[in-house]
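# Secondary and tertiary structure notes
So you can see what is in the structure, the chains are spelled out below.
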Amino acid sequence: MARIIWTEPALHDLDEIADYISLDKPVAATRFVQQVFERIEQLATHPKSGSVPAELKGTQYRQLVIPPVRIFYRAQNEAVYIVYIMRGERLFRNDDLLERENG
């Protein structure tokens, strides 16, 4: 079973998105965060269950899509690193993800 490791920037991303949702719908924001954590926990036993993002073919990254977000992660050895969470309607930029890994 793989260990789930949340990076600080990814936790910050999730927190900001939940805060935004909670402005109008606090209950929905709580449900959304619970759903994200439940889906992420499934990666411990199924680390390759996420899809390979079209923008990142040929890399080690995978994604889970949980509307309204895309969650980018990589599985390495016995760990799954949650690296980046973005709103799905935003334009993906490779630099956003690479900054997380190199910064």
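Everything below is about the structure printed above this text.
A brief look at the structure comes next. All chains use their own residue numbering, which begins from 1 and follows the written sequence. In keeping with the predicted nature of the model, local features appear solely for residues at pLDDT of at least 70, side-chain atom pairs appear and are counted solely at 80 or more, and the whole-chain, interface and lining totals rest on all residues. Just so you know, side-chain values use all the structure's heavy atoms and leave hydrogens and water out.

We now examine the nonpolar core. Here the nonpolar core consists of buried residues drawn from Ala, Val, Leu, Ile, Met, Phe, Trp, Tyr and Cys, with membership extended through side-chain atoms lying within 4.5 Å. Throughout, exposure labels follow a simple rule: accessible area from a 1.4 Å probe, protein chains only, divided by the maximum for the residue type, with under 20% read as buried, over 50% as exposed, and the rest as partly exposed. Membership of the largest hydrophobic core comes to 21 residues, with the highest contact counts inside it found for Trp6, Ile40, Ile71 and Ile82. Strands are runs of DSSP state E lasting at least two residues, helices are runs of H or I lasting at least four, and both sets are numbered from the N terminus onward. Elements with a contribution of two residues or more to this core: strand S1 (3–6), helix H1 (8–24), helix H2 (26–42), strand S2 (61–66), strand S3 (69–76) and strand S4 (79–87). Contacts are residue-level and defined by heavy atoms, with any inter-residue pair within 4.5 Å sufficient. Beyond its immediate sequence surroundings of up to four residues, Ile40 is in contact with Ile4, Trp6, Leu64, Ile71 and Ile82. One finds Tyr61, Phe72, Met86 and Phe92 within the second-largest nonpolar core, a separate group that totals 8 residues.

Looking now at the pattern of salt bridges. Think of a salt bridge as a Lys or Arg side-chain nitrogen and an Asp or Glu carboxyl oxygen that are within 4 Å of each other. One pass over the structure, following the stated rule, counts 2 salt bridges. A salt bridge links Glu55 to Arg70; the shortest N-O distance between them is 2.8 Å. Of this pair, Glu55 sits in the loop between H2 and S2 while Arg70 is found in strand S3, placing the two residues 15 residues apart along the sequence. Arg70 sits in the buried class, given a relative accessible area of 12%.

Inspection of the secondary structure puts Arg62 in strand S2. Nearest to the buried, unbridged Arg62 among oppositely charged side chains is Glu55, at 12 Å. Here a polar contact is recorded for every N or O atom pair within 3.5 Å, except that within protein the pair must consist of a potential hydrogen donor and a potential acceptor, and residues adjacent in sequence are included only if both atoms are side-chain atoms. There is a polar contact of 3.4 Å between the side chain of Arg62 and the backbone oxygen of Gly50. Those residues in contact with Arg62 that lie beyond four places of it in its chain are Pro47, Lys48, Gly50, Ser51, Val52, Pro53, Ile71, Phe72 and Tyr73. In this tally Asp and Glu are treated as negative and Lys and Arg as positive; neither His nor the chain ends contributes.

Bringing the sheet that holds S2 into the picture now. Should DSSP find at least two bridges between two strands, the strands are regarded as paired. With respect to topology, 4 strands assemble into an open sheet ordered S1-S4-S3-S2, the strand pairing being mixed. A strand with exactly one partner marks an edge of an open sheet, and here the two such strands are S1 and S2. Neighbour to neighbour, the strand axes of the sheet diverge by 30° on average, direction disregarded. For S1 and S4, the ladder comprises 4 bridges, and the chain directions are parallel. When the bridges of S4 are listed, Ile5 appears paired with Tyr81. The axes used here are C-alpha line fits, helices contributing only the stretch in contact, and every angle between their N-to-C directions lies in the interval 0 to 180 degrees. Contacting S1, S3 and S4, H1 runs over the sheet at an angle of about 35° to S4. Packed on one face of the sheet, H2 meets S1, S2, S3 and S4 and runs near 145° to S2.

Such coordinate-based values are descriptive only and should not be taken to indicate function.
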